[in-house]
Amino acid sequence: MNWEEMTPRGWDALVAEHIYGREPLLGRHGLHENGDIEYSWGYPHGHNTAPNYSTNASVADEMENELERQGLDSIYLVKLSQIVGANPIVALGTATPEQRCRAALRAKGINV
(Lines give C-alpha, C1' and ligand atoms only; values in the text may rest on other atoms or scores of the structure.)
Protein backbone atom coordinates (compact mmCIF):
# COMPACT_ATOMS: atom_id res chain seq x y z
CA MET A 1 0.00 0.00 0.00
CA ASN A 2 1.29 3.42 -0.91
CA TRP A 3 1.12 5.78 2.08
CA GLU A 4 1.66 8.89 -0.01
CA GLU A 5 -1.36 8.11 -2.20
CA MET A 6 -3.68 7.66 0.78
CA THR A 7 -5.66 10.39 2.50
CA PRO A 8 -5.55 11.08 6.24
CA ARG A 9 -8.90 9.30 6.63
CA GLY A 10 -7.37 6.26 4.94
CA TRP A 11 -4.49 6.37 7.42
CA ASP A 12 -6.99 6.61 10.28
CA ALA A 13 -8.83 3.56 8.96
CA LEU A 14 -5.58 1.56 8.90
CA VAL A 15 -4.85 2.51 12.51
CA ALA A 16 -8.36 1.56 13.63
CA GLU A 17 -8.03 -1.79 11.88
CA HIS A 18 -4.45 -2.76 12.71
CA ILE A 19 -3.84 -1.10 16.08
CA TYR A 20 -7.30 -1.46 17.60
CA GLY A 21 -8.55 -4.49 15.68
CA ARG A 22 -11.69 -2.75 14.44
CA GLU A 23 -13.36 -4.46 11.51
CA PRO A 24 -14.56 -2.08 8.82
CA LEU A 25 -18.21 -2.33 7.91
CA LEU A 26 -18.10 -1.75 4.17
CA GLY A 27 -21.07 -0.67 2.18
CA ARG A 28 -22.64 1.57 4.75
CA HIS A 29 -21.05 4.67 3.31
CA GLY A 30 -19.57 3.37 0.06
CA LEU A 31 -16.86 4.86 -2.10
CA HIS A 32 -15.97 8.53 -2.34
CA GLU A 33 -15.38 10.12 -5.72
CA ASN A 34 -11.60 10.03 -5.07
CA GLY A 35 -11.76 6.25 -4.55
CA ASP A 36 -11.38 6.28 -0.76
CA ILE A 37 -13.62 3.87 1.09
CA GLU A 38 -15.61 5.36 3.93
CA TYR A 39 -15.66 2.88 6.78
CA SER A 40 -18.10 2.57 9.62
CA TRP A 41 -16.52 1.25 12.79
CA GLY A 42 -19.01 1.22 15.62
CA TYR A 43 -16.16 2.74 17.59
CA PRO A 44 -16.59 3.47 21.32
CA HIS A 45 -17.77 6.90 22.45
CA GLY A 46 -20.40 7.04 19.71
CA HIS A 47 -18.04 7.47 16.75
CA ASN A 48 -19.28 5.98 13.49
CA THR A 49 -15.94 6.47 11.78
CA ALA A 50 -12.36 6.01 12.90
CA PRO A 51 -11.06 8.86 15.07
CA ASN A 52 -8.65 11.36 13.52
CA TYR A 53 -5.45 9.63 14.61
CA SER A 54 -3.40 11.16 11.79
CA THR A 55 -4.43 14.79 12.32
CA ASN A 56 -5.23 15.17 16.02
CA ALA A 57 -2.36 15.04 18.52
CA SER A 58 -4.51 14.10 21.52
CA VAL A 59 -6.06 11.20 19.61
CA ALA A 60 -2.57 10.12 18.53
CA ASP A 61 -1.62 10.17 22.23
CA GLU A 62 -4.39 7.64 22.88
CA MET A 63 -2.98 5.47 20.08
CA GLU A 64 0.47 5.56 21.71
CA ASN A 65 -1.11 4.49 25.01
CA GLU A 66 -2.68 1.54 23.20
CA LEU A 67 0.69 0.55 21.73
CA GLU A 68 2.21 0.65 25.21
CA ARG A 69 -0.64 -1.52 26.51
CA GLN A 70 0.16 -4.02 23.74
CA GLY A 71 3.87 -4.01 24.67
CA LEU A 72 4.94 -2.38 21.41
CA ASP A 73 6.25 0.90 22.82
CA SER A 74 9.95 0.05 22.31
CA ILE A 75 9.60 -0.98 18.66
CA TYR A 76 7.30 1.99 18.11
CA LEU A 77 10.01 4.36 19.36
CA VAL A 78 12.55 2.78 16.98
CA LYS A 79 10.19 3.18 14.03
CA LEU A 80 9.27 6.73 15.03
CA SER A 81 12.96 7.67 15.33
CA GLN A 82 13.60 6.30 11.84
CA ILE A 83 10.70 8.27 10.35
CA VAL A 84 11.54 11.55 12.10
CA GLY A 85 15.29 11.14 11.69
CA ALA A 86 16.07 11.91 15.32
CA ASN A 87 16.71 10.14 18.61
CA PRO A 88 13.62 8.77 20.40
CA ILE A 89 13.29 11.67 22.87
CA VAL A 90 13.40 14.28 20.11
CA ALA A 91 11.13 12.18 17.90
CA LEU A 92 8.49 11.91 20.63
CA GLY A 93 8.50 15.67 21.08
CA THR A 94 8.47 16.67 17.44
CA ALA A 95 6.63 13.99 15.45
CA THR A 96 3.40 14.93 13.74
CA PRO A 97 0.29 12.81 14.28
CA GLU A 98 0.74 11.46 10.73
CA GLN A 99 4.31 10.36 11.51
CA ARG A 100 3.12 8.76 14.72
CA CYS A 101 0.46 6.79 12.84
CA ARG A 102 2.96 5.57 10.29
CA ALA A 103 5.38 4.48 13.03
CA ALA A 104 2.57 2.71 14.90
CA LEU A 105 1.59 0.75 11.81
CA ARG A 106 5.23 -0.17 11.13
CA ALA A 107 5.53 -1.33 14.74
CA LYS A 108 2.67 -3.75 13.97
CA GLY A 109 4.48 -4.99 10.85
CA ILE A 110 2.39 -3.08 8.31
CA ASN A 111 4.56 -1.86 5.42
CA VAL A 112 3.59 1.79 4.97
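For the structure itself, look to the data block above.
In this report, we go over the structure that sits alongside the text. All of these numbers come straight from a predicted model, not from anything done at the bench.

**A short note on helix α2 (residues 57-69)**
Move 1: A rise of 1.5 Å per residue sets the reference length of α2, with its 13 residues, at 18 Å; its end C-alpha atoms lie 18 Å apart and thus fit the reference within 8%.
Move 2: Three or more residues of α2 are buried, namely Val-59, Ala-60, Met-63, Glu-64, Glu-66 and Leu-67. Angularly, the buried residues of α2 cover 155 degrees about the axis, an arc narrow enough to put them on a single face. In this structure, α2 carries Glu-68 and Arg-69 as exposed residues pointing more than 90 degrees from its buried face.
Move 3: Those residues of α2 that are buried are in contact with α1 (8-18), α3 (73-84), α4 (88-94) and α5 (97-107).
Move 4: A positive backbone phi angle near 80 degrees is found at Gly-71, which sits one or two residues after α2.

**As for the packing of aromatic side chains**
Move 1: All told, the structure shown has two aromatic pairs when counted by the stated rule.
Move 2: Aromatic side chains Tyr-20 and Tyr-53 sit 5.4 Å apart centroid to centroid with 20 degrees between the ring planes, which places their arrangement in the stacked category. You can see Tyr-20 sitting in the loop between α1 and α2 and its partner Tyr-53 sitting in the loop between α1 and α2, a full 33 residues away along the chain. The residues Tyr-20 and Tyr-53 share a single accessibility class, namely buried.

Thresholds applied
- Residues numbered from 1 in each chain as written.
- Predicted model: local features only at pLDDT ≥ 70, side-chain atom pairs only at ≥ 80, totals over all residues.
- Heavy atoms only, no water.
- Helix = DSSP H or I, 4+ residues; strand = E, 2+ residues; numbered from the N terminus.
- Expected span 1.5 Å × (residues − 1).
- Buried < 20%, exposed > 50% of the residue type's maximum accessible area, 1.4 Å probe, protein only.
- Arc of directions from axis to C-beta.
- Contact = heavy atoms within 4.5 Å.
- Phe/Tyr/Trp six-rings, centres within 6.5 Å; stacked < 30°, edge-to-face > 60°.

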